[in-house]
Amino acid sequence: MKIERIELRRIHMPYVRPFETSGWRHEGSDAVIVRVDAEGATGWGESPVSDGPWYNEETFHTALIMQREFLAPMLLAADIDRPGNVSGVFKRVRANRMAKAGLEFAVWDLFGRAQGVSLSSLLGGTRAEVAVGVSVPIHASVEALLETVEGYLADGYGRVKLKIKPGWDIEPTRAVRERWPDLLLQVDGNSIYRLEDAEHLRQLDAFDLLLNEQPLDHDDIFDHAKLARLIETPVCLDESIVSPDHARWALELDACGVINIKPSRIGGLADAVSIHDMCRDAGIPVWHGGMLETGIGRAISVALASLPNFSLPGDISANDRYFQRDIVTNPFSLNEDSTLTVPAGPGHGAQVDEAYLDEVTVEKVCLRRNGSG
Ligand code: OSB
Ligand code: MG
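Residues numbered from 1 in each chain as written. Chains lettered and ligands numbered in written order. Predicted model: local features only at pLDDT ≥ 70, side-chain atom pairs only at ≥ 80, totals over all residues. Heavy atoms only, no water.

Every one of the 16 residues lining ligand 1 counts as a neighbour, but Ser-135, Lys-161, Asn-190, Leu-292 and Tyr-322 are closest to it. In the environment of ligand 1, an oxygen atom lies 3.0 Å from a nitrogen or oxygen atom belonging to the side chain of Asp-188. Expressed as a share of its isolated accessible area of 390 Å², the protein-covered part of ligand 1 is 98%. Within the shell around ligand 1, the residues separate by chemical class into 6 nonpolar, 3 polar and 7 charged. Domain assignment of the residues forming the shell around ligand 1 places at least three in each of domain 1 (5–116 + 353–368) and domain 2 (122–341). (Near = heavy atom within 4 Å. Polar contact = N/O pair within 3.5 Å; in protein donor to acceptor, adjacent residues only side chain to side chain. Areas by Shrake-Rupley, 256 points an atom, 1.4 Å probe, with all protein chains shown as cover. Nonpolar A, V, L, I, M, F, W, Y, C, P; charged D, E, K, R; others polar. Domains from an automatic or database assignment.)

Before going further, it helps to spend a moment on the domain arrangement of the protein chain. If you check the domain split of the protein chain, you get domain 1 (5–116 + 353–368) and domain 2 (122–341). Taking only C-alpha atoms, the centre of domain 1 and the centre of domain 2 are 23 Å apart. Taken together, the contact pairs 35 residues of domain 1 with 42 residues of domain 2. Summed over the shared surface of domain 1 and domain 2, the result is 1 salt bridge. Residues Asp-353 and Arg-325 are paired through a salt bridge, measuring 3.1 Å at the closest nitrogen-oxygen approach. Taken together, the connections running from domain 1 to domain 2 amount to 14 residue pairs in polar contact (both at pLDDT 80 or more). Of all the secondary structure elements, the ones that give two or more residues to the side of domain 1 that touches domain 2 are strand 2 (13–20), strand 5 (41–47), helix 3 (97–115) and helix 13 (354–360). Residue composition of the side of domain 1 that touches domain 2, by class: 19 nonpolar, 8 polar and 8 charged. (Contact = heavy atoms within 4.5 Å. Salt bridge = Lys/Arg side-chain N within 4 Å of Asp/Glu carboxyl O. Helix = DSSP H or I, 4+ residues; strand = E, 2+ residues; numbered from the N terminus.)

It is worth spelling out unusual backbone geometry at this point. One non-glycine residue with positive phi stands out, namely Asp-208, at about 50°. Checked against the element boundaries, Asp-208 lands in the loop between helix 7 (198–202) and strand 10 (212–213). What makes Asp-208 exposed here is its relative accessible area of 59%. Phi at Gln-214 is positive, roughly 40°, even though this residue is not glycine. Its place among the elements puts Gln-214 in the loop between strand 10 and helix 8 (222–228). (Buried < 20%, exposed > 50% of the residue type's maximum accessible area, 1.4 Å probe, protein only.)

Throughout the structure, instances matching the rule amount to 28 salt bridges. Between Glu-20 and Arg-25 there is a salt bridge, and its shortest N-O distance comes to 3.1 Å.

A separate point is the state of the cysteines. Counted under the stated rule, the structure contains 0 disulfides. Lacking any disulfide linkage, Cys-256 is separated from the closest cysteine sulfur, that of Cys-279, by 7.0 Å. (Disulfide = S-S within 2.5 Å.)

For the rest of this paragraph, the subject is the nonpolar core. In terms of nonpolar packing, the biggest core is built from 89 residues, with Leu-123, Leu-162, Val-176, Ile-259, Ile-261, Leu-304 and Leu-340 touching the most fellow members. Summarising the domain contributions, this core has at least three residues from each of domain 1 (5–116 + 353–368) and domain 2 (122–341). Contacts of Leu-123, omitting those with residues within four sequence positions, involve Trp-108, Leu-269, Val-273, Ala-303, Leu-304 and Leu-307. (Core = buried A, V, L, I, M, F, W, Y, C linked by side-chain atoms within 4.5 Å.)

So, on to the sheet that holds strand 8 (residues 159–163). Here 7 strands make up an open sheet; going across it, the order is 7-8-9-10-11-12-13 and the pairing parallel. Lying at the two open borders of the sheet, with one neighbouring strand each, are strand 7 (134–136) and strand 13 (286–288). Of the pairings in the sheet, the one linking strand 9 (residues 184–188) to strand 10 comprises 2 bridges and is parallel in character. Bridge pairing in strand 10 links Val-187 to Asn-212. (Pairing = 2+ DSSP bridges.)

Next up, the structure:
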């Protein structure tokens, strides 16, 4: 298939509440939304980048430049037999994985819609519902945190992840655990700790956590392997696993007991599925992380999380946990058993609300095969 037209838009869409981690705070989504058109069909993707290089090195500025100057022209010059080949088209471009992923996602959706097949089945999904939880930002007080968690539990979320940092880790985790002894609970430090903090992190072992996510540097695997031997809570890697090779290195070093898969961080769905399969063969559970995606990225996440080795609940909450109004007309709602239902229709299934998308668009670029327009 020859892609005829690519549209790139940077949006700004406010969150229902600000999201704060150990390293940044965001009031809304600044994602790049990608549309591809070919042979009368349309596909939609999302690069869940933000205004600054805080999670990884990318921002909406870099993603738009990489897509406009390099990736979109490469895709427009290619003839794609299957969406799994898109990552090969981008191979000469180093890193910039979220920029690549937004385009790759859109091509998967395009093929799914053109063939009338769901993204979940194209990827090898086996579940009709995926288990989900909620990621809870850093709060100003333990009291405020408990109130937020209580609200999410009342909404029906069955698993909670607490964002932590030095000074906001042991006490809030203890408080949540004491209040809800049976809650599925985990923590995420977003690379704020050092190996020297191992003794400190060991205190979290008392709280029966599912996992401790990415405590050490964003590009570290080696020290995580050392830390994994010093704490009892399973180490989970997020930021460090940016490719199938990185996953292989982590598995060979026993650097983690669990991997968080975000296809945007890995440069696309094809490599995300490879990591899923590698972990399945090694007996390592994976779960689907989140980047506070819009309804487009969310539908892609739900499709990927329907693969069998996604055996822990994902950070894929219902749309209304993030946005009062989303850019899709068919948002997910939470089922009573803390799951989302996997769309069975063509592609990822998100129906884009183009009028509202226009309203939240800050800048837009259009490229065409044989010249721009
Ligand atoms: O580290 O998992 C993370 C959001 C933005 C960037 C990084 C992370 C997160 C989350 C939110 O934890 C997960 C979600 O989308 O609900
Ligand atoms: Mg994380």
